[in-house]
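For reference, the chains in residue letters:
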Amino acid sequence: MICHPSPNIFKTLPLRRKEFKSRLHIEKNNHSGVFTTASRNSCTKKNYAARGIRTSVEAVLLVELFKHPHLLLLQVRNSIYKLPGGRLRPGESDVDGLKRKLARKLSVNEDGDGSEWEVGECLGMWWRPDFETLVYPFLPPNVKQPKECTKVFLVKLPASRKFIVPKNMRLLAVPLCQVHENHKTYGQIISGVPQLLSKFSFNMIES
Amino acid sequence: MVSSQVVNTYPLSSYTFGTKEPKMEKDTSVADRLARMKVNYMKEGMRTSVEGILLVQEHNHPHILLLQIGNTFCKLPGGRLKPGENEIEGLKRKLTSKLGANSPALVPDWQVLLLFRFTDTGESLLIFAFCVYPHNVLLHIILGKLQIGECVAIWWRPNFETIMYPYCPPHITKPKECKKLFLVHLSEREYFAVPKNLKLLAVPLFELYDNVQRYGPVISTIPQQLSRFQFKMITN
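Residues numbered from 1 in each chain as written. Chains lettered and ligands numbered in written order. Predicted model: local features only at pLDDT ≥ 70, side-chain atom pairs only at ≥ 80, totals over all residues. Heavy atoms only, no water.

The name given to chain B in an unreviewed UniProt entry is Pre-mRNA cleavage factor Im 25 kDa subunit, and the organism recorded there is Flemingia macrophylla. Taken verbatim from the UniProt record of chain B, the Subcellular location (unreviewed entry) comment is "Nucleus". Recorded under Function (unreviewed entry), the UniProt text for chain B is reproduced unchanged: "Component of the cleavage factor Im (CFIm) complex that plays a key role in pre-mRNA 3'-processing." (UniProt positions renumbered as here; feature names shortened; annotations may be inferred.)

Named according to an unreviewed UniProt entry, chain A is Pre-mRNA cleavage factor Im 25 kDa subunit originating from Flemingia macrophylla. The record held by UniProt for chain A lists under Sequence similarities (unreviewed entry) the comment "Belongs to the Nudix hydrolase family. CPSF5 subfamily." Regarding chain A, the UniProt comment filed under Subunit (unreviewed entry) reads as follows: "Homodimer. Component of the cleavage factor Im (CFIm) complex."

Can you help me understand the overall build of chain A in this one?
What chain A contains, in helices and strands, is five helices and 11 strands. Long-range pairs, those at least 24 residues apart, make up 73% of the contacts in chain A between residues at least 6 apart in sequence. Accessible surface, chain A as shown: approximately 10000 Å² in total, 51% of it carbon and sulfur. (Helix = DSSP H or I, 4+ residues; strand = E, 2+ residues; numbered from the N terminus. Contact = heavy atoms within 4.5 Å. Areas by Shrake-Rupley, 256 points an atom, 1.4 Å probe, with all protein chains shown as cover.)

Got a minute to help me understand the confidence of the model for chain B in this structure?
Note that predicted coordinates carrying low pLDDT should not be read in detail. All names here are of chain B. In the predicted model, chain B carries a mean pLDDT of 78, and the fraction of residues at 70 or more is 78%. The weakest mean pLDDT in chain B belongs to strand β8 (residues 124-131) at 37; the strongest belongs to helix α5 (residues 222-226) at 95. Here residues 104-144 is modelled with pLDDT under 50, and outside its nearest four sequence neighbours on either side it reaches 91 contacts, counting other chains as well. Overall fold confidence (pTM) sits at 0.79, and the ipTM for the predicted complex is 0.76. (pLDDT = per-residue confidence, 0-100.)

Explain unusual backbone geometry to me, please; I cannot follow it from the model alone.
Residues other than glycine predominantly adopt negative phi, and peptide bonds predominantly adopt the trans conformation. Despite not being glycine, Lys 67 of chain A shows a phi value in the positive range, around 60°. Tracing the backbone shows Lys 67 of chain A in the loop between β3 (54-65) and β4 (68-76). Exposure remark for Lys 67 of chain A: the relative accessible area of 57% places this residue in the exposed category. For Asp 210 of chain B, which is not glycine, the phi dihedral falls at a positive 70°. Tracing the backbone through its elements, the reader meets Asp 210 of chain B in the loop between α3 (205-208) and α4 (212-220). (Buried < 20%, exposed > 50% of the residue type's maximum accessible area, 1.4 Å probe, protein only.)

When you look at helix α2 (residues 87-99) of chain B in this model, what are you seeing that I'm missing?
Residues and elements named next belong to chain B. In this model, α2 (13 residues) spans 18 Å end to end at C-alpha, consistent with the 18 Å of a helix rising 1.5 Å per residue. For α2, every residue scored as buried is listed here: Glu 87, Ile 88, Gly 90, Leu 91, Lys 94, Leu 95, Lys 98 and Leu 99. Mapping the buried residues of α2 onto a view down its axis gives an arc of 160°, with all of them on the same face. For α2, the N-terminal cap is Asn 86; the gap from its side-chain oxygen to the backbone nitrogen of Ile 88 is 3.0 Å. (Expected span 1.5 Å × (residues − 1). Arc of directions from axis to C-beta. Polar contact = N/O pair within 3.5 Å; in protein donor to acceptor, adjacent residues only side chain to side chain.)

Hey, could you run me through the interface of chain A and chain B in this one?
Accessible area lost when the parts come together is the quantity often used to give the size of an interface. Facing the 27 residues of chain A at the interface are 30 residues of chain B. For the pair chain A and chain B, the two sides together bury roughly 2600 Å², of which 64% comes from carbon and sulfur. It is Phe 138, Gln 195 and Lys 199 of chain A in chain A that bury the most area against chain B; as a group they hold 21% of the surface buried on that side. Remark: the boundary between chain A and chain B carries two salt bridges. A salt bridge links Glu 121 of chain A to Arg 228 of chain B; its shortest N-O distance comes to 3.3 Å. Summed over the shared surface of chain A and chain B, the number is six residue pairs in polar contact (both at pLDDT 80 or more). Put simply, the parts of the chain that give the side of chain A that touches chain B at least two residues each are β7 (118-128), α3 (176-179), α4 (183-191) and α5 (193-197) of chain A. Tallying contributions element by element places β7 of chain A first for the side of chain A that touches chain B, with six residues. Taken together, the residues of the side of chain A that touches chain B break down into 16 nonpolar, nine polar and two charged. (Buried area = accessible area lost by both parts, 1.4 Å probe. Salt bridge = Lys/Arg side-chain N within 4 Å of Asp/Glu carboxyl O. Nonpolar A, V, L, I, M, F, W, Y, C, P; charged D, E, K, R; others polar.)

Next comes the structure, spelled out in structure tokens:
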């Protein structure tokens, strides 16, 4: 299937290697809980007033099923899909923050620093000019004070991984062809992931 | 190949544009093009094409150079690789063929460039810009000096149809075309010679984003694929 050798070869591993287990519902504070859009926006406004632009980091984790790459998504409340990730603490680096979030959302040891996760390159960045929910892959002209910047990273999965998922969320493996251009269901960022991944050649590893 | 997260973009006024003899498209219709693709596929197998993303900056916003054929159809400079040809060398060959000035005695003349400007009220305003040069300027263009950067996107054509995807769809074992888009790093001064039957446009990223109707799925997703780069907007 891959006809030309490419420097960007990415290994995806078969799905059945991953074991998904539930874990106890973790105590939610304002910053890692589940929001409605309205409450999220008001929280964002307060945070912007206090700390300036919010930087979020999100992870693209891929597995192979039926010879097609699948994206791991967290589903909240049966309707909202998210990439694993979240907001950086002030002064925190992108990579450290993403590892911390992955540990919290997907690892056995939720207080760990996430050092077992291997964060790869940045695939894309999305800018939010204002507190409403539209994002753009560039800083629009005339926008001097963007409110949020979201960076999406490719994260490599080790050969065998056990995922522990909070009970109020589901971890799904969604084929790229289903996510592609499906703004309505998955939102701008997730539905744009296949296009950000297109330059990689996937080396599907048989188990 | 240059791999860098920082992309230097220079103002449009940094560049000189002239015209050269027309370079006609090989096919007069989409149906002809697909038919020719079929013939080539039988002879040579999957078609690999390479296209270049050339960036300039205007008003601190990156713009992509597109070639316009006729009144509406826009494409990136590039084309099909010869069998066995290296991607980078092939792209340089195509860029020189489409945009290089090959005659040293070329006389630059009027060239209309369409620019969009984002006004304070948020509207997209179409303005025109003209470039005029003195006669008898001797141009020696070596577009081989262009630095081809990294590949930012790959699109697959599963069948002899116009639809392309940013992944090889499941169950497709024999795609008909693979198209690769490369970032092209321009230096501060370049001379472009645009075939008389084409227009060269500098289109801002905000105009391309999500604009599938006007620019098609490949070009309209370039802004996302460039979003991870840091653009250094250099002014004169």
